[in-house]
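# Observations on chain architecture
Spelled out, the chains give:
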Amino acid sequence: MAEILEKLRGQLVVSCQAAPGDPLEDTETIRRIARSVTGAGAAGLRINSPEHVAAIRQDSDLPIIGIQKRYCGERIHITPDFASAAALSAAGASIIALDCTDRVWDHGDPWRIVIERIHRELNLPVMADIATLDEARAAAAAGADMVGTTLNGYTEQTGNHDSFNWPLLAGMVRQIRVPVIAEGHISSPEEARRAVSAGAWCVIVGSAISRPGVITSNFIRTLQPGAAAPAIGVDIGGTLIKAGLVDARGQVTLTTQVPTDAPGGRDAIAANLCQAVQPVLSAARNQGLVPAGLGIASAGAIDVQDGSVFAATDNLPGWACFPLQKFAEERFGLPTWVVNDAHAAVLAELHFGLGRSLSDFVAITIGTGIGGGVVCGGKLLRGQHGFAGTIGHHVIREGGLPCNCGRRGCLEAYVSTAALLREYRERGGSIRDGGDDAAAALQINQLAIAGSPAAVGAYQALAGYLAEGIANIFNLFDPEAVLVSGGLVEGQVQFLPSVARQVASLLHFGAKRQPCVQAAQAGRLAGVQGAASLVFEAER
Ligand SMILES: [Zn+2]
């Protein structure tokens, strides 16, 4: 028995079956499909009915997992009794798979008895097909030699699933001593590899390889206009966590927002992340929509390799080293991508904003600091640890004002909400008490529009500093445009044109180059949209 299991370790098993009524439901045809996939290197087969097992056994010595499906209305009972198991064994099956779910049937033998008789009378290993972790534990305890996720999404209790259940696999790998088999809804080579990496003993793939009708339907569905599966986008900021369902055109629906509760530390932030995502996921599923994945934008530097938080910002203490991608994948059962929030805003601009018609641009967002990102050839530059495009921390005044990164003279020390406030006060301006720097900046914004000299002067000072930073960007990347966003810029019709003129005056051949500096298009939900775009990028 151990020898058969060892042959399957880390390997691909192909399930060769056809649905009743399918033109391929024919012994000779199934036999040829089996010959084709074993010729290509499949390490084993999963085959329905003694007749098909016997036919394929004539061609192959590979392990065959035999099953006997019995249709009961909508439900399918897999190898319902010992007689079926014995017939499969006689036909040449090497392993017998059977339904070990909690479901109650009005026919067949109890599965515990079938397992015991297969061992004793047929001397074959048993694969238990289950739908839940409890069923997996019960089957392993009852002596199953391997346990497969096969029936998850197919029972009344686990219905409405048509993607692979990663948390179930992870739970089984942790809790069950016998080999865990990944089967059901594995639809791509990437998912197969991921299952083995996650600890599956082997992977069984059926429809995605052996049913051309199903494969054709999938192709046709993806070609329907607007038919691409939506994604869930999340934006974890210092104050709020926003989430929503994002379609392939960037439209956001089913939005939620919950307080981040950053002082509560990583457990509080993680719990609030779940509070924000779960309602979106449930509402989407209630509408019959199956999100293709989850994209998360988070403050802090994100490790590009594993989606963990490489370094936290002061806004999110305790977030450092949090395995964000792994946590979210296990919690929500969706493939997950993580990106720094500034980069997410750039991705939103790239996929859904002005960036759609640009191939090389730099986007910067001015707020409490400066976030930014560089797009080259239509791709966001992320860097090894997610730090690429940290435009706020390039020095425009050597030995200048102190910056919270530890250096002096960074662009961010001269252009931010706090910097606007400082410049305004230096010109004798005063602010009504109450509120933070952002609220004060909003007041100065309004005062500048109304023509207050101190406010207008403060904006002119910031335009000068920003022009120096953006001139450096043009010298480094020569982009088609620099796109600027942030509440501080809104409503200031003179601000960016003034910056653009000054940039031109600072650049070599600037008059000829006519550097384009303009307002970005992506709005308040840019983080949510940009995070979701990672899912669509991966799908392409
Ligand atoms: Zn700095």
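Quick look at the structure, then.

Attention now goes to the overall build of the chain. Within the chain one finds 20 helices and 22 strands. Counting only C-alpha atoms and orienting by the principal axes, one finds that the chain spans roughly 95 × 50 × 40 Å. Every one of the 540 residues in the chain was classed for burial, and the buried ones make up 51%. Looking at the chain alone, contacts between residues at least 24 apart form 61% of all its contacts between residues at least 6 apart. When the 42 positive and 51 negative side-chain charges of the chain are each reduced to one mean point, those points stand 3 Å apart.

To continue, consider the packing of helix 4 (residues 82-91) against helix 5 (residues 111-122). Where helix 4 meets helix 5, the axes come as close as 10 Å, and the angle between the chain directions of the two elements is 35 degrees. Crossing of helix 4 against helix 5: the hand is right-handed. For the pair helix 4 and helix 5, the contacting residues are Phe82, Ala85, Ala86 and Ser89 in the first and Val114, Arg117, Ile118, Glu121 and Leu122 in the second.

For the rest of this paragraph, the subject is the coordination of the zinc ion. Protein-derived coordination of the zinc ion comes from His393 (ND1), Cys403 (SG), Cys405 (SG) and Cys410 (SG), at a distance range of 2.0 to 2.3 Å. In this structure, the zinc ion is coordinated by four donor atoms arranged in tetrahedral fashion, with angles at the metal of 99 to 124 degrees. Read from N- to C-terminus, the donor residues coordinating the zinc ion fall into the pattern H-x9-C-x1-C-x4-C. You can see His393 sitting in the loop between strand 20 (379-380) and helix 14 (411-414) and its partner Cys403 sitting in the loop between strand 20 and helix 14, a full 10 residues away along the chain. A residue is classified by how much of its surface remains accessible, and His393, at 24% relative accessible area, is partly exposed.

Attention shifts here to the pairing of strand 6 (residues 95-99). The side chains of a regular strand alternate between both faces of the sheet. Of all five residues making up strand 6, five are buried, and the element is well covered by its neighbours. Residues Ile95, Ala97 and Asp99 line one face of strand 6 and the alternating positions Ile96 and Leu98 line the opposite face, and both faces are buried. Pairing of strand 3 (residues 64-67) with strand 6 involves two bridges; the strand directions are parallel. Each residue of the ladder has a partner; that of Ile65, found in strand 6, is Ile95. Pairing of strand 6 with strand 7 (residues 126-129) involves four bridges; the strand directions are parallel. Looking at strand 7, one finds that Ala97 is bridged to Met127. Running through helix 5, the crossover from strand 6 to the neighbouring parallel element strand 7 is right-handed.

Take helix 7 (residues 166-175) next. Those residues of helix 7 that sit buried are Trp166, Leu168, Leu169, Ala170, Gly171 and Met172. Backbone nitrogen of Leu168 and a side-chain oxygen of the N-cap are separated by 3.0 Å at the start of helix 7; the cap is Asn165.

If you trace the backbone, Glu349 turns up in helix 13 (residues 341-352). One buried charge, Glu349, has no salt-bridge partner; the nearest side chain with opposite charge is Arg356, at 7.9 Å. There is a polar contact of 2.8 Å between the side chain of Glu349 and the backbone nitrogen of Gln521. Setting aside its immediate chain neighbours within four residues, Glu349 contacts Leu354, Gly355, Arg356, Phe361, Leu483, Ala520, Gln521 and Ala522.

Take the pattern of salt bridges next. By the definition in use, this model includes 20 salt bridges. Of the charged contacts, one joins Arg117 and Glu121 as a salt bridge, the two residues approaching to 2.8 Å between their closest N and O atoms. In this pair, Arg117 and Glu121 are both assigned in helix 5, four residues apart and thus about one turn of the helix distant. One salt-bridge network, in which partners are shared between bridges, spans Glu28, Arg31, Arg32, Arg35 and Asp59.

In this section: the nonpolar core. By size, the foremost hydrophobic cluster in this structure holds 49 residues, and its most contacted members are Cys16 and Ile118. With five residues, the top contributor of residues to this core is helix 5. Contact partners of Ile118, with chain neighbours within four places excluded, come to Phe82, Ala85, Ile96, Leu98, Asn123, Leu124 and Val126. Counting 47 residues, the second-largest nonpolar core is a separate cluster that includes Cys410, Ala448, Val489 and Val503.

On to the packing of aromatic side chains, then. Tallying each qualifying case throughout the model produces six aromatic pairs. An angle of 15 degrees between the planes, with centres 4.6 Å apart, marks the rings of Trp319 and Phe322 as stacked. Taking the relative accessible area as the measure of exposure, Trp319 reaches 0% and is therefore buried. The interplanar angle of 80 degrees and the centroid separation of 5.6 Å between the aromatic rings of Tyr459 and Phe495 together place this pair among those described as edge-to-face.

Strands sit in the order 1-2-3-6-7-8-9-10 around a closed barrel of eight strands; the barrel is parallel. Taken pair by pair, the neighbouring strands of this sheet meet at an average axis angle of 25 degrees, ignoring direction.

A separate point is a nonpolar patch on the surface. Together, Leu381, Leu476 and Phe477 give the surface a local cluster of nonpolar side chains, amounting to about 290 Å² of exposed area. Residue position: Phe477 is located in helix 17 (residues 453-477). Relative accessible area serves as the criterion here: at 33%, Phe477 is assigned to the partly exposed category.

Moving on: the pairing of strand 19 (residues 370-376). Of all seven residues in strand 19, six are buried, a share of seventy percent or more. Bridging between strand 18 (residues 361-366) and strand 19 involves six bridges; their strand directions are antiparallel. Across the sheet, Thr365 pairs through a bridge with Gly371, a residue of strand 19. Hairpin connection between strand 18 and strand 19: a loop of three residues separates the two successive antiparallel strands. Here strand 19 runs beside strand 20; their pairing, made up of two bridges, is antiparallel. Each bridged residue has a counterpart across the sheet, and for Val375 the counterpart in strand 20 is Leu380. From the end of strand 19 to the start of strand 20, which pair antiparallel, there are two residues, and Gly377 there has a positive phi angle of about 60 degrees.

What counts and what doesn't
Residues numbered from 1 in each chain as written. Predicted model: local features only at pLDDT ≥ 70, side-chain atom pairs only at ≥ 80, totals over all residues. Heavy atoms only, no water. Helix = DSSP H or I, 4+ residues; strand = E, 2+ residues; numbered from the N terminus. Buried < 20%, exposed > 50% of the residue type's maximum accessible area, 1.4 Å probe, protein only. Contact = heavy atoms within 4.5 Å. Lys, Arg positive; Asp, Glu negative; His and termini not counted. Charge placed at Lys NZ, Arg CZ, Asp CG, Glu CD. Axes fitted to C-alpha atoms, helices over the stretch in contact; angles between N-to-C directions. Left-handed = near helix turned anticlockwise from the far one by under 90°. Donors = N, O, S within 2.8 Å, 3.2 Å for Na, K, Ca; no water. Tetrahedral: all angles 85-135°; square planar, octahedral: opposite > 155°, others 65-115°. Pairing = 2+ DSSP bridges. Right-handed = clockwise from strand over helix to strand, strands pointing away. Polar contact = N/O pair within 3.5 Å; in protein donor to acceptor, adjacent residues only side chain to side chain. Salt bridge = Lys/Arg side-chain N within 4 Å of Asp/Glu carboxyl O. Core = buried A, V, L, I, M, F, W, Y, C linked by side-chain atoms within 4.5 Å. Phe/Tyr/Trp six-rings, centres within 6.5 Å; stacked < 30°, edge-to-face > 60°. Patch = residues over 30% accessible without salt bridge, like charges linked within 9 Å, V, L, I, M, F, W, Y side chains within 5 Å. Areas by Shrake-Rupley, 256 points an atom, 1.4 Å probe, with all protein chains shown as cover.

No statement about biological role is implied by the geometric values presented.
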